[in-house]
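What follows is the residue order along each chain.
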Amino acid sequence: MKKLPGILLCLAIAAPAWFLGKQVPLIGGPVAAIVAGILISLFFPGLIKLKFGRDFGFTDGLKFTSKKLLQYSIVLLGFDMNLFNILRAGQMSLTVMAFTFTAVFFAAFLAGRAFKLSGNTTVLIGVGTSICGGSAIAAVAPVIRAEDEDVTRAISTIFLFNLAAVFIFPPLGRLLGMDDINFGIWAGTAVNDTSSVVAAATSWSNAAGSNTALNFATIVKLTRTLMIVPVTLVLAIYTARKSKNADKGNFSFVKVFPWFVLFFMAAAIINTFLNLPPQVSSFLFQTGKFVIIMAMAAIGLNTSLKSLFAHGVKPLLLGMVCWLTVGVVALIVLKFSPGLF
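These notes cover the structure that comes with them. (Residues numbered from 1 in each chain as written. Predicted model: local features only at pLDDT ≥ 70, side-chain atom pairs only at ≥ 80, totals over all residues. Heavy atoms only, no water.)

What follows deals with a nonpolar patch on the surface. Taken together, the side chains of Leu160, Val313, Leu316, Leu317, Met320 and Leu324 make up a nonpolar region of the molecular surface, amounting to roughly 480 Å² of accessible area. Counting residues per element, the nonpolar patch draws most heavily on helix 17 (residues 314-336), at four residues. Tracing the chain through its elements places Leu324 in helix 17. (Patch = residues over 30% accessible without salt bridge, like charges linked within 9 Å, V, L, I, M, F, W, Y side chains within 5 Å. Areas by Shrake-Rupley, 256 points an atom, 1.4 Å probe, with all protein chains shown as cover. Salt bridge = Lys/Arg side-chain N within 4 Å of Asp/Glu carboxyl O. Helix = DSSP H or I, 4+ residues; strand = E, 2+ residues; numbered from the N terminus.)

This is the structure we're talking about:
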């Protein structure tokens, strides 16, 4: 019961944010929720935590929503995965993704050190750019024990370059002479978030009079999403070893292992092999997306604007480096792949 007030507060913020995201997909529900949370925290600072240490009972619920509910929401996203469809489309895009993942992680590491950003901010922006935007950030954040300010910086950065991609990718693709399949693979590989992938590919498909680009972009994007699993596992192992060295004592890897990732895979397998009714899988997936919006509201409420802007434009510069890297590398690989471009 101690968690209920905070959960209900996040629910109250998430509901209008969800509907706003439906009306304005380029902004999206998660961004609307995190901004609303930040504004409430800014203008009503005593609502969450009073100066003399007492609060209104929201603290436990906000912590639970931003950590545990966030992990549960990732599991529900697995019910939108069909492994057979992903493998079929993935055969054409695996080479592109392999190069882009490697290039982005390397670029993020170098740029993060050059800009003197925290390791968590660098990791979150890197995985958000290379995998699937907000969903990847949501999955990785609890594993690497990221602070709420790190998550907010990463989400804000990803949002900015999502918006830019929607307007830049379709005309640039036409300027480069790409066909429907190549543009679909490029957009699905190089645009960060699913909603922005769909928006950019829809714009292209509407002009082309064919849904080929949209279909390829969507399935390639889902293929990228599966990379959440190995990346999260690797980061969990790294975090476990680093914590063990820092603590100089007994450390239980079982406690830090991201079990929710295995449940995410189980949900994908269930959706693939058990022939769930479309209404059921859609409901579970949409519920997962809504809970992510609740978690973003909790993160926004716990975010300090002073801490958020402590690094100035550096997170944006890191995001730009990662964004340009994934876009350019994907183009180069497509250009020199047999039968493509």
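This part takes up the packing of aromatic side chains. What the rule picks out here adds up to seven aromatic pairs. Between the aromatic rings of Phe101 and Phe105, the centroid separation amounts to 6.4 Å while the plane-to-plane angle is 15°, which identifies the pairing as stacked. On the criterion of helical spacing, the pair formed by Phe101 and Phe105 is a turn pair, its members being four residues apart in helix 5 (residues 83-114). Chaining the aromatic ring pairs together yields one cluster made of Phe161, Phe169, Phe183, Trp186, Trp204 and Trp323. (Phe/Tyr/Trp six-rings, centres within 6.5 Å; stacked < 30°, edge-to-face > 60°.)

The next subject is the environment of Ile74. With respect to the helices and strands, the residue Ile74 is situated in helix 4 (residues 59-77). In the structure, Ile74 is positioned 214 residues away from Gly288 in sequence and 6.5 Å away in space, judged by C-alpha atoms. Setting aside anything within four residues of it in sequence, one finds Ile74 in contact with Ser135, Ala138, Ala139, Phe260, Phe264 and Ile292. (Contact = heavy atoms within 4.5 Å.)

So, about helix 14 (residues 259-273). The end-to-end C-alpha separation of helix 14 is 21 Å, in line with the 21 Å expected for 15 residues at 1.5 Å each. Every buried residue of helix 14 is accounted for by Phe260, Val261, Phe264, Ala267, Ala268, Asn271 and Thr272. Down the axis of helix 14, the buried side of the element spans an arc of 135°, and every buried residue falls inside it. Residue Asn275 follows helix 14 closely and has a positive phi angle near 50°. (Expected span 1.5 Å × (residues − 1). Buried < 20%, exposed > 50% of the residue type's maximum accessible area, 1.4 Å probe, protein only. Arc of directions from axis to C-beta.)

Examined against the element boundaries, Arg224 turns out to sit in helix 11 (residues 212-225). Judged by its relative accessible area of 0%, Arg224 is buried. Polar contacts involving the side chain of Arg224 include one to the main-chain carbonyl oxygen of Thr129, which spans 3.1 Å. For Arg224, the side chain forms a polar contact with the main-chain oxygen of Thr189, separated by 3.1 Å. Contacts of Arg224, omitting those with residues within four sequence positions, involve Met97, Phe101, Thr129, Ser130, Ile131, Cys132, Ala187, Gly188, Thr189, Ala190, Val191 and Asn192. (Polar contact = N/O pair within 3.5 Å; in protein donor to acceptor, adjacent residues only side chain to side chain.)

What follows covers the nonpolar core. Counting 95 residues, the largest nonpolar core has Leu124, Trp186 and Met296 as the members making the most contacts within it. Looking at this core element by element, the count peaks at 12 residues for helix 15 (residues 278-301). Filtering out sequence-adjacent residues up to four positions away, Met296 remains in contact with Pro30, Ala33, Ile34, Leu70 and Ile155. (Core = buried A, V, L, I, M, F, W, Y, C linked by side-chain atoms within 4.5 Å.)

Turning next to the side chain of Asp150. Within the secondary structure, Asp150 sits in helix 8 (residues 148-175). Judged by relative accessible area, which is 6%, Asp150 ranks as buried. Once residues within four sequence positions are removed from consideration, Asp150 is found in contact with Ser118, Asn120, Thr121 and Leu124.

Closest axis-to-axis distance for the helix 9 (residues 180-190)/helix 17 pair is 9 Å, and the angle between their directions is 150°. In terms of axis orientation, helix 9 runs roughly antiparallel to helix 17. Our pair here, helix 9 against helix 17, has a crossing hand that is right-handed. Contacts between helix 9 and helix 17 involve Asn182, Ile185, Trp186, Thr189 and Ala190 on the former and, on the latter, Trp323, Val326, Gly327, Ala330, Leu331 and Leu334. (Axes fitted to C-alpha atoms, helices over the stretch in contact; angles between N-to-C directions. Parallel < 35°, antiparallel > 145°, perpendicular 65-115°, else oblique. Left-handed = near helix turned anticlockwise from the far one by under 90°.)

Looking now at unusual backbone geometry. Positive phi is not limited to glycine here, since Lys116 has a value of about 60°. Mapped onto the elements, Lys116 comes out in the loop between helix 5 and helix 6 (119-132). Residue class for Lys116 comes out exposed when judged on its relative accessible area of 67%. With phi around 60°, Arg145 is a residue other than glycine that occupies positive phi space. Along the chain, Arg145 turns up in the loop between helix 7 (134-144) and helix 8. Overall, the relative accessible area of 43% leaves Arg145 in the partly exposed class.

Let us now look at the pattern of salt bridges. A complete count under the given rule lists two salt bridges for this structure. Between Asp60 and Lys2 there is a salt bridge, with the nearest N and O atoms lying 3.5 Å from each other. Separated by 58 residues along the polypeptide, Asp60 in helix 4 and Lys2 in the segment before helix 1 (4-23) bring together distant segments of the chain. A residue is classified by how much of its surface remains accessible, and Lys2, at 63% relative accessible area, is exposed. In this structure, Asp150 engages Arg153 in a salt bridge whose closest nitrogen and oxygen atoms are separated by 3.2 Å. Of this pair, Asp150 and Arg153 both sit in helix 8, three residues apart, which is roughly one turn of the helix. Neither residue differs from the other here; Asp150 and Arg153 are each classed as buried.

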